[in-house]
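# Residue-level structural notes
What follows is the residue order along each chain.
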Amino acid sequence: MTVMSWSEFAKSMDAHHDDQEVLDQFMGTLALSYEHLAFHLKLCFLCFAIFPEDHAIPLKRLILSWIAEGYIERVDNMSLEDVAMSYLMDLVDRNLVIIAKKWSNGEVKACSVHDMLRDLCIKKFKEDESFRVLHLYKWVHDNNSSNLQCWSRHHSIQTLCVHSHCSCGANFHEHSCAPYIRIPLHCGSRLSLYRFLRLLDLNDVTFHGFPTLALQLVHLKYLALRVKRVGRHRLLIYSLWNLETFILRHGGETDLILGRGIWKMAKLRHLYVYPSFAIEMPCDCFPNSLLLDDMQTMTTLKFSFLIQEVLARTPNIRKLGIYLNEKDSLSLLDFAGLNHLETLEINWFSTLYSKVPVGIPNHKTFPPNVKKLTLTTGCLEWKDMTIIGLLPNLEVLKVRYNCFSGPVWETCDGGFCNLKFLELCNLDFKQWISSDSD
């Protein structure tokens with residue numbers, strides 16, 4: 001069912017909003033669609049209950065939460081993320097989920113469910129005791145911690161999400177600066193409330209400092225935080241040995257380094273740290289063969305002389321973001337061994353658009369299967385675009401903020417053979433000369 005179809009459905013519902021019998025019939029019809037779902041799809045569908053009403057849910061956030069909860073079954077020759085995507089499309093095909101937004105290449109960016117389907121999720125969640133035992137969410141409509149603490153005496157909280165759309169009057173204790181429920185994450189005596197957490201999503205809350213209690217929640221598979229100040233140069237997260245996804249947005253007041261213990265976190269799959277981070281390399285006591293084979297995402301990794309070794313230890317990465325200083329040159333990097341890399345984002349730090357040429361690798365040392373490439377700031381020359389045009393699988397190219405300097409861009413024959421989307425934003429070139437065959 002398309003967004004337009006759901007719009008027509010909503011108009012029909014509005015016409016009968018006072019007729020409880022008709023509403024019950026509608027709900028009964030929707031319930032039949034739910035009952036015919038396979039068990040693993042029921043689990044995924046019920047996840048929509050924890051997101052705010054009328055909310056476009058980012059695909060990344062949804063799929064990674066499914067994986068953290070253990071809803072995604074392993075399939076030969078498919079990543080967990082690809083399997084999760086197939087689950088989502090199954091729900092879309094069954095008209096239970098709406099595709100709300102798409103990326104420039106047509107891929108799903110965000111999705112949503114109709115209000116009545118969300119109500120059905122909440123209803124089924126409350127009805128089915130097996131789901132309540134297996135999947136215990138705390139929906140944060142409470143305006144204080146007393147209900148949470150009382151509830152937790154009888155249940156083990158496994159998932160806790162806090163959304164900015166909740167209108168609650170209390171504070172998140174002194175460690176946060178947003179209007180939310182009161183959760184004393186800094187207090188060790190409260191650890192029993194959260195010790196079985198598998199998913200902790202506090203991305204919509206800003207903490208003044210890093211909540212160190214989170215590092216004691218050893219069952220976590222998904223952790224998302226936003227902090228003003230990390231408060232330390234090195235962040236040690238290796239105690240979270242079950243962690244699969246780590247998302248951290250910090251104030252950038254220091255060059256954040258993730259301690260070398262991260263190389264022992266064999267389950268880690270997605271590492272999102274903004275604005276940037278570096279990784280400490282293993283010491284001599286670590287095995288030289290130590291790899292993070294399951295790592296799918298690293299962004300935004302700060303450029304250093306050790307970055308080549310970092311990439312060598314993450315051979316199966318699919319998405320990579322790199323942050324460079326204005327004098328760093330990509331031409332020193334060899335991406336050729338990253339055969340699974342499909343998305344590459346490169347951002348140069350520059351003051352007033354530095355004119356120091358930065359250079360890019362030869363197309364033979366670029367990731368051979370990259371499909372999406374984003375270049376921001378920097379100081380490339382338009383002739384370097386010829387190298388990018390030779391990437392055989394490139395479908396999406398985004399060039400932003402004077403990343404290329406010079407008044408004229410002249411394209412060459414045979415380039416960009418598979419390009420589907422081109423974004424040119426805040427560039428200073430005056431003339432674009434296209435070859436006859438373009």
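Conventions and cut-offs
Residues numbered from 1 in each chain as written. Predicted model: local features only at pLDDT ≥ 70, side-chain atom pairs only at ≥ 80, totals over all residues. Heavy atoms only, no water. Helix = DSSP H or I, 4+ residues; strand = E, 2+ residues; numbered from the N terminus. Buried < 20%, exposed > 50% of the residue type's maximum accessible area, 1.4 Å probe, protein only. Contact = heavy atoms within 4.5 Å. Areas by Shrake-Rupley, 256 points an atom, 1.4 Å probe, with all protein chains shown as cover. Axes fitted to C-alpha atoms, helices over the stretch in contact; angles between N-to-C directions. Parallel < 35°, antiparallel > 145°, perpendicular 65-115°, else oblique. Nonpolar A, V, L, I, M, F, W, Y, C, P; charged D, E, K, R; others polar. 1 Å grid on protein atoms, 1.4 Å probe; cavity = no way out; pocket = protein on both sides within 12 Å on 5 of 7 lines; lining within 4 Å. Points joined across faces, edges and corners; volume = space filled by probe spheres on them. Pairing = 2+ DSSP bridges. Expected span 1.5 Å × (residues − 1). Core = buried A, V, L, I, M, F, W, Y, C linked by side-chain atoms within 4.5 Å. Salt bridge = Lys/Arg side-chain N within 4 Å of Asp/Glu carboxyl O. Phe/Tyr/Trp six-rings, centres within 6.5 Å; stacked < 30°, edge-to-face > 60°. pLDDT = per-residue confidence, 0-100.

### Some words on the overall build of the chain
- Helices and strands together make up the secondary structure of the chain, namely 11 helices and 21 strands.
- Expressed as a percentage of the 438 residues in the chain, the buried residues total 50%.
- Here the analysis covers contacts within the chain between residues at least 6 apart in sequence; of these, 56% occur between residues at least 24 apart.
- In the form shown here, the chain has an accessible surface area of approximately 20400 Å², with 51% of it arising from carbon and sulfur atoms.

### Focus on the packing of helix 3 (residues 39-46) against helix 5 (residues 80-93)
- Two numbers describe how helix 3 lies on helix 5: the axes approach to 10 Å, and their chain directions differ by 85°. Between helix 3 and helix 5, the angle falls in the class roughly perpendicular. Contacts between helix 3 and helix 5 involve His 40, Leu 41, Cys 44 and Phe 45 from the first element and Tyr 87, Asp 90 and Leu 91 from the second.
- Residue composition of the contact of helix 3 with helix 5, by class: 5 nonpolar, 1 polar and 1 charged.

### With respect to the layout of surface pockets
- Counted as a void, the largest pocket has a volume near 1600 Å³.
- Lining the largest pocket are 49 residues, with Lys 60, Trp 103, Tyr 272, Lys 319 and Lys 372 positioned closest to its centre.
- The class makeup of the residues in the lining of the largest pocket is 20 nonpolar, 12 polar and 17 charged.

### A few points about the sheet that holds strand 1 (residues 57-58)
- Taken in spatial order, the 3 strands line up as 1-3-2 in an open sheet, and their pairing is antiparallel. Looking at which strands have only one partner, the edges of the open sheet turn out to be strand 1 and strand 2 (98-102).
- One ladder, built from 2 bridges, connects strand 1 with strand 3 (residues 108-112); its direction is antiparallel. Across the sheet, residue Pro 58 finds its bridge partner in strand 3, namely Ala 110.

### Re empty space enclosed by the protein
- Counted under the stated rule, the structure contains 2 cavities of 30 Å³ or more.
- Put simply, the largest cavity is a space of about 50 Å³.
- Around the largest cavity sit Phe 48, Phe 51, Pro 52, Glu 53, Asp 54, His 55, Ile 57, Ser 112, Val 113, Asp 115 and Arg 118, which together line it.
- Grouping the constituent residues of the lining of the largest cavity by class yields 5 nonpolar, 2 polar and 4 charged.

### Things to note about helix 6 (residues 115-127)
- Spanning 13 residues, helix 6 covers 18 Å between terminal C-alpha atoms, matching the ideal 18 Å at 1.5 Å per step.
- If you check which residues of helix 6 are buried, you get Met 116, Leu 117, Arg 118, Leu 120, Cys 121, Lys 124 and Phe 125.

### A closer look at the nonpolar core
- Membership of the largest hydrophobic core comes to 70 residues, with the highest contact counts inside it found for Phe 246, Leu 271, Met 298, Leu 320, Leu 373 and Ile 388.
- With near-sequence residues (within four places) excluded, Phe 246 lies in contact with Phe 210, Leu 223, Leu 235, Ile 237, His 270, Leu 271, Tyr 272 and Val 273.
- Counting residues in each nonpolar core, the second largest holds 46 residues, with Leu 46, Ile 50, Leu 64 and Ala 68 among its members.

### Digging into the side chain of Arg 269
- Here Arg 269 lies in the loop between strand 10 (257-258) and strand 11 (270-279).
- Given the relative accessible area of 6%, Arg 269 is considered buried.
- Setting aside anything within four residues of it in sequence, one finds Arg 269 in contact with Ser 79, Leu 80, Glu 81, Glu 244, Asp 294, Met 295, Gln 296 and Thr 297.

### Some words on the pattern of salt bridges
- Evaluated as defined, the whole model comprises 12 salt bridges.
- In this structure, the salt-bridge partner of Lys 42 is Glu 35, at a minimum N-O distance of 3.8 Å.
- Its relative accessible area of 16% is what places Lys 42 among the buried residues.
- Its salt-bridge partner being Arg 400, residue Glu 423 comes within 2.6 Å of it at the nearest N-O pair. Residue Glu 423 is located in strand 20 (residues 421-425), and its partner Arg 400 is located in strand 17 (residues 396-400); the two are separated by 23 residues in the primary sequence.
- Using a relative accessible area of 24% as the deciding quantity, one classes Arg 400 as partly exposed.
- One connected set of salt bridges, linked through shared partners, spans Arg 234, Arg 260 and Glu 280.

### Remarks on the packing of aromatic side chains
- Counting across every chain of the model gives 9 aromatic pairs.
- Their ring planes at 40° and their centres at 6.1 Å tell us that Tyr 34 and Phe 45 sit as a pair that is tilted. With Tyr 34 in helix 2 (residues 20-35) and Phe 45 in helix 3, this pair connects stretches of sequence that are 11 residues apart.
- By the ring-pair criterion, three or more aromatic residues cluster together here, those being Trp 382, Phe 404, Trp 409, Phe 429 and Trp 432.

### Focus on the confidence of the model for the chain
- Per-residue confidence for the chain gives a mean pLDDT of 78; residues scoring 70 or more make up 74%.
- Considering only residues more than four positions removed or in separate chains, one finds that residues 132-155, a stretch of pLDDT under 50, has 58 contacts.
- Here residues 165-189 is a poorly scored stretch, pLDDT under 50, and it has 68 contacts once near neighbours within four places are set aside; other chains count.

### Comments concerning the pairing of strand 9 (residues 245-249)
- The element strand 9 is extensively covered by neighbouring structure, given that 4 of its 5 residues are classed as buried.
- One ladder, built from 5 bridges, connects strand 7 (residues 222-229) with strand 9; its direction is parallel. Bridged to Leu 223 within strand 9 is Phe 246.
- Sheet analysis places strand 9 next to strand 11, joined by 5 bridges and oriented parallel. From the neighbouring strand, Leu 248 faces strand 11, where its bridge partner is Val 273.

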